[in-house]
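Examining the three-dimensional arrangement
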Amino acid sequence: VINTSIIKAVERRDEKACQALYEQSIAYVYTVTSRYISNETDIPDIIQESYARLFLNIASFDPTRGAFKSWLRRIVINQCFQHYRQGKSPRLHVALDNAPPIADKELGLHELSKEEIESLLSKMPDGYQEVFMLVIIDEFKHSEVAQLLGISVEASRSQLSRAKKWIRKHLTNTTKTIVNGF
Amino acid sequence: MDSEFNKIKDKFQKEKQNVPGNLDWGKMQAGIFSKMDRISQEEAQKKDGKLLRRSLLLLLLIFFAGIIGWICFTQQDSPSVDQAALSTKTYVENTEAKGLIALSNPDKVLNKVSDAKISASAARYDQKEVITERLQAGVAVKKPKKALLSKEANTENLVFDKEAKLRKDQSSLNVSTDQTGGLTSTLNTSDSKEGGSRSAINASTRGREGIASLASKQYLLRWERGAMESPLFSPSSIMERKDMSKHQLGFFLGQSIWDMGYESESPEDSSFETGRVSFTAHLDYQYKLSKGFFLSTGLIYQDLQSRLDWTTDLDDYTVTLEDVVLEVRRDALTGEVEEVRGDVEVQVNAQRQVRHHNTYTLLQVPFAVGMTHSSSSLKWSYSLGGSLNLLSQNQGRILFEGELFNLEEAETELLENQFKWNGFIRTGVSYSLNKRLDLGAQLMYQRSLNNWSMEEAVRIQPQQLNISLGLLFTLE
């Protein structure tokens, strides 16, 4: 939880407050960024850009409309997509060549490790992965996803529905099918 | 299953990765602050750009409002002067000696007329009569008398004929006489008797030959060569009266055939968008200048529709259909039916098809200069000019580098069509229904002079062919 006095101080461009805010939030910002950007060398640039926008626009943060964390996450994710548009980074995780194979066990989604889930998501058809990540993981509304990806709200809903079906299909099959199928 | 997805969310949300050393505040601080400066500058530039565009637009509007205001002011200030001056000039020119004065210093003549405070109705009446006389004079020119041996003689006879006809209308002559002062005294005295008129005018012509002959000859030569081509000499009286008004307002509705004018250096940026027949509406104001030339401005509304038709291959994937009946066996002896079941793998070849409509709505302000040509009840016009996209609204999606972007969002990043200039040529024909109203058709080709695309590798310069029908109102 970010102290409101820090936010006020950042608004005044107090350098120490900026540092405090940065240090309190960088771990989370890095986690979110690395979820969307697979190229490690691009991450510092995106983080710098995100914080620059955060510091410049912090006055527009309205605590009554949501938590600071959600607001920050949206800035970072927007910046990641901006990065895609500029062609500086490939879109999300492309097939992970060295991703761990999914464990040879009866599968429940929650039983998979984060890496295994990432591996599963990376095999999804184009479009499914982004919508799934944005809606399920990062709690974006469909209208926000539509705006971010330049698709209609209906398209976002249908992509998510297909993504969920796709996951179910692959998880309800036998482990053998999944492991060999990929 | 949805609870499973929530658990995934928790797994991702609770995850905290160790921050690499290169993301320490000390190492990132300079980059963040320099980016803040850059972003601030960019935003300030955007604001400045907007301000500059708005200022230019405002100046342009003020400029054109000024021109229109000036035109209206000069019209309102002396509504009868222009017409009275025209009648005076016409009369004076055709009676050579007076014409010399009027032609050598037309402003003076105008001032005199203005000082005389001739009423609008009187002036208009006078003007109509003069036009009639001019038409008659035109006929006279068409059929020159063979007996005339020289230009000078021709001049005298034309003047003579003209004077004789003008005499028929006393009021016209008197007004003209007052306006031009002592110069027409000869003419006044000649009103009582036709023969006297002839001799008086002849005497006047001869007596002032030294002053009059050169300009008189020049004027008549010019008159003979060019006067018949002037719209004032067209045979239709409706057209004549319309031509006396300097203002015309037209309203046109029609269709627009257009294309994006798309060019790209990279194959993945090919255009998948094709223009469709679209709606267009024009409000056109014309201000007539002399010799058939005119200036025009107005508003053009364009609702340009296009169709995006994009298909791309997605990765093929395999679907396993479980427990499918593969074979049905019937035992010939017992009649027992046995189903053989198993899993079947089906290869799915997936494609993504995107088909939708885009709309580019533009409100343009055109500025043009052109000329008209009349023949019987038809009037042809040709004009050349430019237009500015004053307002624009885009809806739909645009494809760029294999990605779809919302057009509204893509503005300022990929495509921008507000405050862009276009060049156009336009031709039109109108048929006179009555003295105020014309039925018109016009054809306009317009091409954007600026690139709508913000990407250097891509050029989008739409071109349109507008065909429209409408009505033209001749204003007082």
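Residues numbered from 1 in each chain as written. Chains lettered and ligands numbered in written order. Predicted model: local features only at pLDDT ≥ 70, side-chain atom pairs only at ≥ 80, totals over all residues. Heavy atoms only, no water.

1. Considerations on empty space enclosed by the protein
All names here are of chain B. Counting across every chain of the model gives seven cavities of 30 Å³ or more. Estimates place the volume of the largest cavity at around 170 Å³. Taken together, 19 residues form the lining of the largest cavity, with Gln286, Ser381, Gly428, Gln442 and Leu472 sitting closest to its centre. Looking at the lining of the largest cavity, the elements with two or more residues in it are β1 (247-259), β4 (278-288), β9 (378-395), β12 (421-432) and β13 (437-448). (1 Å grid on protein atoms, 1.4 Å probe; cavity = no way out; pocket = protein on both sides within 12 Å on 5 of 7 lines; lining within 4 Å. Points joined across faces, edges and corners; volume = space filled by probe spheres on them. Helix = DSSP H or I, 4+ residues; strand = E, 2+ residues; numbered from the N terminus.)

2. Considering the side chain of B:Gln442
Residues and elements named next belong to chain B. Mapped onto the elements, glutamine 442 comes out in strand β13. Reaching out from glutamine 442, the side chain makes a polar contact with the side chain of histidine 282 at a distance of 3.2 Å. Other than its neighbours up to four places away in sequence, glutamine 442 contacts Phe252, His282, Arg426, Thr427, Gly428, Asn466, Ile467 and Ser468. (Polar contact = N/O pair within 3.5 Å; in protein donor to acceptor, adjacent residues only side chain to side chain. Contact = heavy atoms within 4.5 Å.)

3. Remarks on the pattern of salt bridges
Residues and elements named next belong to chain B. Under the definition given, this model contains 13 salt bridges over all chains. In this structure, the salt-bridge partner of glutamate 42 is arginine 38, at a minimum N-O distance of 3.0 Å. A residue pair is termed a helical-turn pair when its members lie 3 or 4 positions apart in one helix, as glutamate 42 and arginine 38 do in helix α2 (residues 25-77) at four residues. One salt bridge connects aspartate 309 with arginine 355, and the closest N-O pair in it is separated by 2.9 Å. Separated by 46 residues along the polypeptide, aspartate 309 in strand β5 (residues 293-313) and arginine 355 in strand β8 (residues 351-375) bring together distant segments of the chain. When its relative accessible area of 31% is taken as the criterion, aspartate 309 is described as partly exposed. (Salt bridge = Lys/Arg side-chain N within 4 Å of Asp/Glu carboxyl O. Buried < 20%, exposed > 50% of the residue type's maximum accessible area, 1.4 Å probe, protein only.)

4. Concerning the pairing of strand β10 (residues 397-400) of chain B
All names here are of chain B. Where burial is concerned, the two faces of β10 agree: the one with Arg397 and Leu399 and the one with Ile398 and Phe400 are both buried. Here β10 pairs with strand β11 (residues 403-406) via four bridges, running antiparallel. Residue pairing across strands places leucine 399 opposite leucine 404, the latter belonging to β11. (Pairing = 2+ DSSP bridges.)

5. So, the environment of A:Glu130
Tracing the chain through its elements places A:Glu130 in helix α6 (residues 128-137). Considering only alpha carbons, one finds A:Glu130 and A:Ala163, 33 residues apart in sequence, at a separation of 9.7 Å.

6. What about the packing of helix α3 (residues 43-57) of chain A against helix α4 (residues 68-85) of chain A?
Residue and element names in this part refer to chain A. The interhelical angle for the contact between α3 and α4, taken along N-to-C directions, is 130 degrees, at an axis separation of 9 Å. Taken together, the axes of α3 and α4 are oblique relative to one another. The hand of the α3/α4 crossing is right-handed. Residues Asp45, Ile46, Glu49, Ser50, Arg53, Leu54 and Asn57 of α3 form the contact with α4, whose participating residues are Phe68, Trp71, Leu72, Ile75, Val76, Gln79, Cys80 and His83. (Axes fitted to C-alpha atoms, helices over the stretch in contact; angles between N-to-C directions. Parallel < 35°, antiparallel > 145°, perpendicular 65-115°, else oblique. Left-handed = near helix turned anticlockwise from the far one by under 90°.)

7. Remarks on the interface of chain B and chain A
With 43 residues of chain B in contact, the opposing surface of chain A contributes 52 residues. Regarding the contact of chain B and chain A, the summed buried area is about 4,600 Å², with carbon and sulfur atoms giving 61% of it. Broken down residue by residue, the surface that chain B buries against chain A is led by B:Phe5, B:Phe12 and B:Trp25, which jointly contribute 16%. The interface formed by chain B and chain A holds two salt bridges in total. Across the pair A:Asp45 and B:Lys35 runs a salt bridge whose closest N-O atoms are separated by 2.8 Å. Taken together, chain B and chain A are joined by five residue pairs in polar contact (both at pLDDT 80 or more). Every element with two or more residues in the side of chain B that touches chain A is listed here: α1 (2-14), α2, β6 (317-330) and β11 of chain B. Ranked by residue count, the leading element in the side of chain B that touches chain A is α2(B), at 12 residues. In terms of residue class, the side of chain B that touches chain A is built from 17 nonpolar, nine polar and 17 charged. (Buried area = accessible area lost by both parts, 1.4 Å probe. Nonpolar A, V, L, I, M, F, W, Y, C, P; charged D, E, K, R; others polar.)

8. What to know about the pairing of β8(B)
Residue and element names in this part refer to chain B. Bridge count for β5 against β8 is 19 bridges, and the pairing is antiparallel. Bridging across to β8, aspartate 303 finds its partner in threonine 361. Of the strand pairs in this sheet, β8 and β9 are connected by 17 bridges, and their pairing is antiparallel. By the bridge assignment, threonine 359 is partnered in β9 with glutamine 395. Here β8 folds back onto β9, and the loop between the two strands holds two residues, one of which, serine 376, carries a positive phi near 45 degrees.

9. Quick word on the packing of aromatic side chains
What the rule picks out here adds up to 13 aromatic pairs over all chains. Measuring from centroid to centroid gives 5.8 Å for A:Tyr51 and A:Phe55, while their planes differ by 45 degrees, and the two rings are tilted. Of the two residues, A:Tyr51 and A:Phe55 both sit in helix α3, four residues apart, roughly one turn of that helix. When sorted by exposure, A:Tyr51 lands in the same class as A:Phe55, which is buried. Note on B:Trp258 and B:Tyr360: the rings are 5.8 Å apart at their centroids and 75 degrees apart in plane angle, and the pair reads as edge-to-face. Taken together, the residues span a long stretch of sequence, with B:Trp258 in strand β1 and B:Tyr360 in strand β8 at a distance of 102 residues. For B:Tyr360, a relative accessible area of 0% puts it in the buried group. Above the ring of A:Tyr28, the side-chain terminus of A:Lys69 is found at 4.7 Å from the ring centroid. Above the plane of the ring of A:Phe140 lies A:Arg74, whose end atom (NZ or CZ) is 4.6 Å from the centre. (Phe/Tyr/Trp six-rings, centres within 6.5 Å; stacked < 30°, edge-to-face > 60°. Lys NZ or Arg CZ within 6 Å of the ring centre and 35° of its normal.)

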